[in-house]
Structures are given as C-alpha cells and as structure tokens.
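Here's the letter readout for the chains.
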Amino acid sequence: MPDGAEPVLDVKGLKTVFRTRGGEVHAVNSVSFDLRPGELLGVVGESGSGKSVTMMSLIGLLPSPPADVRGGTVMFDGTDLLHCSEEHLRSVRGARIGFIFQDPMTSLNPVFTIGFQLMEPLRKHMGLDKRAARARAAELLDLVGIPDPARRLDDYPHQFSGGMRQRVMIAIALACDPKVLIADEPTTALDVTIQAQILELVRELRQKLGMAIVWITHDLGVIAGIADRVMVMYGGQVVEQAPVGELFANPRHPYTRALLKTVPSVRGERTAKLNVIEGQPPILKAEPSACAFRGRCLHAMARCDRENPLRRMVGPGHDIACFWDPGQEEWQDA
Amino acid sequence: MLDRDAPATPRKLVEVKGLKMYFPITAGVLRRKVGDVKALDGISFDIFEGETLGLVGESGCGKSTCGRVILRLYAPTAGSIRIDGTEIAEADNQTLRPLRPSMQMVFQDPQASLNPRMTVAAIIGEPLDEHTQLSKTEKLDRIYELMDAVGLNRNFANRYPHEFSGGQRQRIGIARALALNPKFIVCDEPIAALDVSIQAQVVNLLEDLQDRLGLTYLFISHDLSMVRHIADRVAVMYLGRIAELAPRDALYDRPLHPYTQALLSAVPEPDPGIETDRKRIILTGDVPSPANPPKGCNFCTRCPRVMDVCRDIKPDLAEIEPGRFVACHLYETTAAAAGSTGASEDYERNQQGVSL
C-alpha cells in the first residue's frame, strides 16, 4: 500500500453517546484513525465494543435521538462530515462512501426487484437515465459474479440465496465507484464455504477497483486473510492498531493477546483447555476515567484504575492504549 | 481427556438408524401436500457413553433438525432412535415423559429460550416441578447447587433473564438442562450467539461438567474450530445426509470426503503468514434446496471431483477404515485403494502451506 499518501478518510476524536432511559451509554470514546487510499483496514472487537457505531456515526447513519455524536472531526474529500449539511452528507453516502451491512436478508427491500434497488443509487447519484442505469446494473451484477445478470435484474431478493444476496449488496455498494467502502460484518451471517467465496470476490475487486475498505468483523481469521492494517476496539476505544503481520506476530495490548489465544484453530496444535478472558465487557455509563479493560486484564496496575491510557507508539505504525510494557517478553508464554 | 476417549468397552448410549424427517410442503387453501422438505434423509450414527459427538454442517443441512428429532421434539418420518436401549422413534407422549429427564437440550439463543417473565430460580426449578416431588427447601437447595455448578452467583436467583449477559444466560440454560441429572444432552449451537471471549468460558464449562457428571453430548455447531476443540468424534452433514463421520484428529488431519475437505479449507486461519499463501478449495454455487435434492450424490452439483456415477447413484455411508465412515464414490470398495490415496494426497498437497 502507498505509505505516507494523503488519507482518504481522517477521523479524529469521535465521540458518540446514546441517551437511554437508564442514563447515558458512551459507545464511542475519542476514536481516531485514518484510512489511506487503496488500503483495507480491519476493525476487530466484540459486540458492544463500538466498532459498528463508530462507522455509522461518521456518515450520520445513527438516528438522533437516542444517538448523539458529541465531538470530533471526520475529514473526507476536504469536508468535515460531522459539520456539513444533510444535503452534502446525502451526496456522499452511498456514492463516494459505500456501505455493506451484515445481514443480506434484511438490508434488501423484499418488495422491489434487485434491478430497481441497484438502479436507484445510479439514477439518484450519477444521474443516469433508465436505460443506462439498467446496463450499468447488469455490469455490476456481472462484476460480483452473478451468472446471467441481465435476466436476474428482474428477480426479487427472495429468489436469491444468502451468498447471492450479499453479492448484490456488494454490487449496490460499488454502484457509484466509491472511494471508500465500509463493510460491517459482511460475511458473519454466511456459511464458511460462502464466506470463502465472498472473501475471494473482495480480493479480486480490490485489485480491479482499488478503493479503500474498512472491514468490521469479530473473526480474527477473516482479518488475517484480507487486511493490511488492523485496529482492535474495546469499550468504545481503539486499544491497539498495527499492520496485520505485526499485530498477529507481536500483539502488545493484553486484550489483543488474550483474544488471539482464546480462538481455537482448525489446523496446527489442538489445546487441551481453551484460554478464557474472565468477566464481561463493560457497559460504559460515563466517559471512561480509567482503562476499560482493567477488570479482565492480567497485567492491571494501580495506575489503570486512575487514568485512561492514551494511545502511544510502540513500533512503526503500531500503537497501543496501555500502560503495561511487555518489553522483550515472548508473547506466546506471557 | 484420554481416559474418557477410550473406555474399555464403549457402550452405545444413542443409536440412530436410517432416520428420516420430512416436512410436508403444502399449497393452496386446502393445504394440499405438494412435496417434502427432506431435512433428514436417512442418517445413521451411534454416540458412545461419555463422549462428545460433534455435528457440523452449513445452515440448512439438517443438523438442528437431527438434534431435535433425537430428543423426539419432532416425530420422525422413518427410522429408529434408541437411547440407552429404549426405542423412542415411535413412542407416544406417555411413554416418552418418564424418559425425558435423561435427555435434555441446550438451545442456541439464550435470549429466546428463557421465559422473560420467570426468575432464574423459577426457570431452573421448572423441570424439578414437572418431574420430581421435591419439597420447597429441597428444590431451592437443588437450584442453588445447579447455580453453583454452572458458575452463577446464588444471590441472583430472584433476578430475571434480561438482567444477565449473553454468556450468563447460556449458563442458566445449561443449569436448567442439568436439573434432572440427564445422561445425554443435545447442545444446539450453544455458543453461536456469544462473543468470542465468552464462547471459551461456556465451552470450558461444558467440558468441566462432562468430566464431573459423565455426560454424553451431541454438540451441534457450524464452528469447525470449536468442534475440533470439544468433540471426540465428528459427523459432517450435507443436505440431510452424513457425508463423513470420523474420530476428531483423523477428520481434521486427513479429511476424506471432498465436502469435508472444502469445508475445512474454507475456514480462515488467524495467522496472516498462513492465510496469504494457503491454497483454498473454493466451492462454486450454493447448497441445493432440500425440497428438491439432486439425483445421485447430494454434493454432486458442487463437488470439485465429481464423476459420472455421482450424478446417478447416492453413495452409502461406508466404513472404509476402522471408525471412519464416508459416503463418497471415490472410496467405493472396487476402487478403494486407488481412490482413497489419490483423494487424500490431493488434499495434503492443497494444504501444504498449513502444515508448516
């Protein structure tokens, strides 16, 4: 990936709070990251870690109330998406920033044909007439590997299988040649053999189209295979960020280490007993004043109760939000 | 682990033979029957006492139906189910009721399988109300004992399910399944709805309980890596039939059926070094509809090694090595020697990046 290039998306200090009957929930706490052209950034975390909310916040997809994006900047194409008109946001969403959602069953409208749903962004955002939009829609279906595309445009979503529907979702996201594609757990609802097909498709499409991708998942295996850089989230914060090889070879945050060790493998050594991370992920009722992971951390210190660690560099392109210094210790034995 | 892998004479606790479960497809106002969804199309296997049989497959392959039929939550269309020597495939409700305590189930979604209006104590105590005559204090003691066994705090007995996290709710479901001292538990995707860090907690709990109470599990899951961890033997299902059934290590080290090979190859490895170089077997297309399965082998529409015979004749599940069952024409007795070496060598070549 081109290093040092101007980032296509630059997020700084993003904060999102949900107002609920039980008080406020601080879902995203000062998240900062950037996305370089053509890069695939993996975002890993458990449910409730704030990974989806971060991505939804930055393009204004969260209903308000209850959501309240409290602060930060999201620079895209020279504009701050958090402080621009709704009209401008609408011209960006679905056009220059594409979205793929987790569940292909519920994100397509069952009463419209696939063709109609594919042509909608083409006509709205690119101003194509009906005939041109239809031709482009067929091209897109062909691009994502759906056989006999021209005929299938007139089919309804229920006539497609789960994997095919996810291909259609990808085609819709790609319709307007986005610069950035945000994929929120795009393969989680799919079976492994279908997931393998979709991952293969994404690898191909990246080479052909070269857009930057943010890929949200909880599956470390998927991340290992497709990401260039990985961001690990916990308690609404980025706790570790590193190039993919570095993250798996030399994880530095205690949470990342624990997470990598809890996952059993289908190949290699079989462990007699699974490693566990004791306890539960936190629900943040207030802005964190201490480390969110300290209750489950093997290396918690007195300082972790008093202060929320800031991200600090520990290697080239590698940063963690943790006070503990693993030093030269071999992490497998840690 | 080893001591329970190989007891001197393993006793069959569950014996399933030629089990079929067809769900009728109806049409029109008169609900005329127009076809069948063949959710289970003749499956046979045994589960030995104290072991965990993993049942894996993709969604729609019939693995959950299999778990439910074995516990007689459905009435099977044909076939035999013997649990602890008793034939229950045709048994009526009166006959089944006294047998129910020995066979229990842990469901996939702890949110949906717990009544939100009942307290934890009431949920865990309900089977005791139904099947035992314990006094109030005896019952409460038993509830506390069960909560301790699954690692739930006794002080939470009067709380409601919504006050617990997903992992804790699954513990409540497990405590309820244990209430009547069952011998056999069907775990239907017990960890699928949980986060990665919580999955390991629940799996370890299930293993501890098995060691302590000598339980026998049918562990249904689509997560091949977790099944490798927990199961002693593994059955792979495809479209209502068993494709392969083998001891765990044999299956994961050297899968024989082309579907098992593709399935294992599709699981991504959490290691970028391996992932980038690894050769994958990518299947084309989707699983056909179980209402209209292909003639011949169910897998023939997607099989990378399909032959002419596969499109005509359904292969039977045959024991080709001691303890290893495969339903595939590649391993038919006539061509056993040539076929079997060819296919598995091929697989090993494909997976070479992995074995490093």
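Located above this text is the structure these notes cover.
Residues numbered from 1 in each chain as written. Chains lettered and ligands numbered in written order. Predicted model: local features only at pLDDT ≥ 70, side-chain atom pairs only at ≥ 80, totals over all residues. Heavy atoms only, no water.

Undergrad: Whenever I open this one, the overall build of chain B confuses me. Can you help?
TA: Scanning chain B from terminus to terminus reveals 13 helices and twelve strands. In terms of overall size, chain B behaves like a compact globule, its C-alpha atoms giving a radius of gyration of 22 Å where 356 residues would be expected to give roughly 21 Å. C-alpha extents for chain B along the principal axes are approximately 65 × 55 × 45 Å. Of all 356 residues assigned to chain B, the portion counted as buried reaches 52%. Here the contacts in chain B between residues at least 6 apart in sequence split such that 65% fall between residues at least 24 apart. For chain B, the accessible surface area stands at approximately 15,500 Å², while carbon and sulfur atoms represent 50% of it. Averaged over its 41 positive side-chain charges, chain B has a centre that lies 5 Å from the centre of its 47 negative ones. (Helix = DSSP H or I, 4+ residues; strand = E, 2+ residues; numbered from the N terminus. Rg over C-alpha atoms; globule rule 2.2 N^0.38 Å. Buried < 20%, exposed > 50% of the residue type's maximum accessible area, 1.4 Å probe, protein only. Contact = heavy atoms within 4.5 Å. Areas by Shrake-Rupley, 256 points an atom, 1.4 Å probe, with all protein chains shown as cover. Lys, Arg positive; Asp, Glu negative; His and termini not counted. Charge placed at Lys NZ, Arg CZ, Asp CG, Glu CD.)

Undergrad: Please clarify how the packing of helix α4 (residues 120–131) of chain B against helix α6 (residues 166–178) of chain B should be interpreted in this entry.
TA: Relative orientation and spacing of two packed helices are given, respectively, by the angle between their axes and the distance between those axes. Residues and elements named next belong to chain B. Contact geometry of α4 with α6 gives a least axis separation of 7 Å together with a crossing angle of 30°. The angle between the axes of α4 and α6 places the two elements in the roughly parallel class. Regarding α4 and α6, the two cross each other, and that crossing is right-handed. Here Val 120, Ile 123, Ile 124 and Pro 127 of α4 come into contact with α6, specifically with Ile 172, Ala 175 and Arg 176. (Axes fitted to C-alpha atoms, helices over the stretch in contact; angles between N-to-C directions. Parallel < 35°, antiparallel > 145°, perpendicular 65-115°, else oblique. Left-handed = near helix turned anticlockwise from the far one by under 90°.)

Undergrad: I keep staring at the interface of chain A and chain B and nothing clicks. Help me out?
TA: Accessible area lost upon the coming together of the parts serves often as the stated size of an interface. The interface of chain A with chain B comprises 44 residues on the first partner and 44 residues on the second. Counting the surface lost from both chain A and chain B, the interface buries some 3,800 Å², and carbon and sulfur atoms represent 55% of this. For the pair chain A and chain B, the number of links is two salt bridges. Among the salt bridges present, the one from Glu269(B) reaches Arg267(A), with a minimum N-O distance of 2.8 Å. In this structure, the connection of chain A to chain B is made through 14 residue pairs in polar contact (both at pLDDT 80 or more). (Buried area = accessible area lost by both parts, 1.4 Å probe. Salt bridge = Lys/Arg side-chain N within 4 Å of Asp/Glu carboxyl O. Polar contact = N/O pair within 3.5 Å; in protein donor to acceptor, adjacent residues only side chain to side chain.)

Undergrad: Would you mind going over the sheet that holds strand β5 (residues 86–87) of chain B with me for this structure?
TA: Neighbouring strands of a sheet are bound in pairs by backbone hydrogen bonds; such pairs are parallel or else antiparallel. Residues and elements named next belong to chain B. Judged by pairing direction, the sheet is antiparallel, and its four strands sit side by side in the order β2-β1-β4-β5 without closing on themselves. Each edge of the open sheet carries a strand with a single partner, namely β2 (32–48) and β5. The pairing of strand β1 (residues 12–27) with β2 spans 13 bridges and is classified as antiparallel. When the sheet's bridge partners are listed, Lys 12 is paired in β2 with Phe 48. Of the strands in this sheet, β1, β2 and β4 (78–83) touch helix α2 (residues 63–70), which is tilted by about 75° from β2. (Pairing = 2+ DSSP bridges.)

Undergrad: In this structure, what is going on with the nonpolar core? I would like to understand it.
TA: One broad rule of soluble globular proteins: the nonpolar side chains tend to lie buried together. Counting 66 residues, the largest nonpolar core has Ile174(B) and Leu224(B) as its most contacted members. Tallying contributions element by element places helix α7 (residues 196–213) of chain B first for this core, with seven residues. Of all hydrophobic cores here, the second largest spans 64 residues; its members include Ala133(A), Val222(A), Ile226(A) and Phe323(A). (Core = buried A, V, L, I, M, F, W, Y, C linked by side-chain atoms within 4.5 Å.)

Undergrad: Before we go on, may I ask you to explain the pattern of salt bridges in this structure?
TA: One side chain can pair with another of opposite charge once the charged atoms of both are near each other. Residues and elements named next belong to chain A. Scanning all chains against the criterion turns up 44 salt bridges over all chains. With a closest N to O distance of 3.1 Å, Glu 287 and Lys 15 form a salt bridge. Here Lys 15 lies in strand β1 (residues 9–20) and Glu 287 lies in the loop between α10 (254–262) and α11 (302–306), a separation of 272 residues in the sequence. The exposure class of Lys 15 is partly exposed, given its relative accessible area of 25%.

Undergrad: Looking at this structure, how should I read the packing of helix α4 (residues 130–143) of chain A against helix α6 (residues 162–174) of chain A?
TA: Residue and element names in this part refer to chain A. Closest axis-to-axis distance for the α4/α6 pair is 9 Å, and the angle between their directions is 130°. As summarised for this structure, α4 and α6 are arranged oblique, according to the angle between their axes. Both α4 and α6 take part in a crossing whose hand is right-handed. Facing α4, whose interface residues are Arg 136, Leu 140, Leu 141 and Leu 143, α6 presents Val 168, Ala 171 and Leu 174. Of the residues in the contact of α4 with α6, the class split is six nonpolar, no polar and one charged. (Nonpolar A, V, L, I, M, F, W, Y, C, P; charged D, E, K, R; others polar.)

Undergrad: Help me understand the state of the cysteines in this model?
TA: Here, disulfide denotes a covalent bond that connects the sulfur atoms of two cysteines. Residue and element names in this part refer to chain B. The final tally for this structure, using the stated rule, is zero disulfides over all chains. Considering cysteine sulfurs only, Cys 61 is the nearest to Cys 66, which forms no disulfide, with 9.1 Å between them. Cys 310 provides the cysteine sulfur closest to Cys 303, a residue in no disulfide bond, and the two sulfurs are 6.2 Å apart. (Disulfide = S-S within 2.5 Å.)

Undergrad: Where do I start with the environment of Gln261(B) in this structure?
TA: Residue and element names in this part refer to chain B. Along the chain, the position of Gln 261 falls in helix α10 (residues 258–266). Separated by 31 residues in sequence, Gln 261 and Ile 230 have C-alpha atoms that sit 20 Å apart. A polar side-chain atom of Gln 261 sits 3.2 Å from the main-chain carbonyl oxygen of Leu 256.

Undergrad: Quick question: what am I supposed to make of a nonpolar patch on the surface here?
TA: Where nonpolar side chains cluster on the molecular surface, the patch consists of Val111(A), Phe112(A) and Phe116(A) and spans about 280 Å² of accessible area. Along the chain, Val111(A) falls in the loop between β6 (97–100) and α3 (114–126). (Patch = residues over 30% accessible without salt bridge, like charges linked within 9 Å, V, L, I, M, F, W, Y side chains within 5 Å.)

Undergrad: Would you explain the packing of aromatic side chains in this entry?
TA: Enumeration according to the criterion identifies ten aromatic pairs over all chains in this entry. Relative to Phe164(B), the ring of Phe156(B) has its centre 6.0 Å away and its plane inclined at 70°; by these criteria the two rings are edge-to-face. For Phe156(B), a relative accessible area of 23% translates into the label partly exposed. A connected cluster of aromatic rings, assembled from ring pairs, spans Tyr234(A), Tyr255(A) and Phe293(A). Against the face of Phe160(A) rests Arg152(A), its NZ or CZ located 4.1 Å from the ring centre. Sitting over the face of the ring of Phe76(A), Lys179(A) holds its NZ or CZ atom 5.8 Å from the ring centroid. (Phe/Tyr/Trp six-rings, centres within 6.5 Å; stacked < 30°, edge-to-face > 60°. Lys NZ or Arg CZ within 6 Å of the ring centre and 35° of its normal.)

Undergrad: How should I be thinking about the pairing of strand β2 (residues 23–35) of chain A in this particular structure?
TA: Looking down a regular strand, the side chains alternate between one sheet face and the other. Residue and element names in this part refer to chain A. Where β1 meets β2, nine bridges bridge the pair, whose relative direction is antiparallel. In the strand pairing of β2, Asp 10 is matched with Asp 34. Taken together, β1 and the strand that follows it, β2, pair antiparallel across an intervening segment of two residues.

Undergrad: Just to check I follow, could you spell out the environment of Ala112(B) for this structure?
TA: All names here are of chain B. Relative to the helices and strands, Ala 112 is located in the loop between β6 (103–106) and α4. Given a relative accessible area of 63%, Ala 112 falls into the exposed group. C-alpha separation for the pair Ala 112 and Asn 292, spaced 180 residues apart in sequence, amounts to 31 Å.

Undergrad: Whenever I open this one, helix α7 (residues 192–209) of chain A confuses me. Can you help?
TA: Residues separated by three or four positions in an α-helix point in the same direction, a consequence of the helix having 3.6 residues per turn. All names here are of chain A. Between its first and last C-alpha, α7 extends 25 Å over 18 residues, near the 26 Å set by a 1.5 Å rise per residue. Those residues of α7 that sit buried are Val 192, Thr 193, Ile 194, Gln 195, Ala 196, Gln 197, Ile 198, Leu 199, Leu 201, Val 202, Leu 205 and Arg 206. Two residues or fewer past α7, Gly 210 is found with a positive phi of approximately 65°. (Expected span 1.5 Å × (residues − 1).)

Undergrad: What is the right way to look at the pairing of β6(A) in this model?
TA: Residue and element names in this part refer to chain A. Judged by which residues are buried, β6 turns out to be covered on both faces: Ile 97 and Phe 99 on one side and Gly 98 and Ile 100 on the other are all buried. Bridging between β6 and strand β7 (residues 180–184) involves four bridges; their strand directions are parallel. Paired with Ile 100 across the two strands is Ala 183, which belongs to β7.

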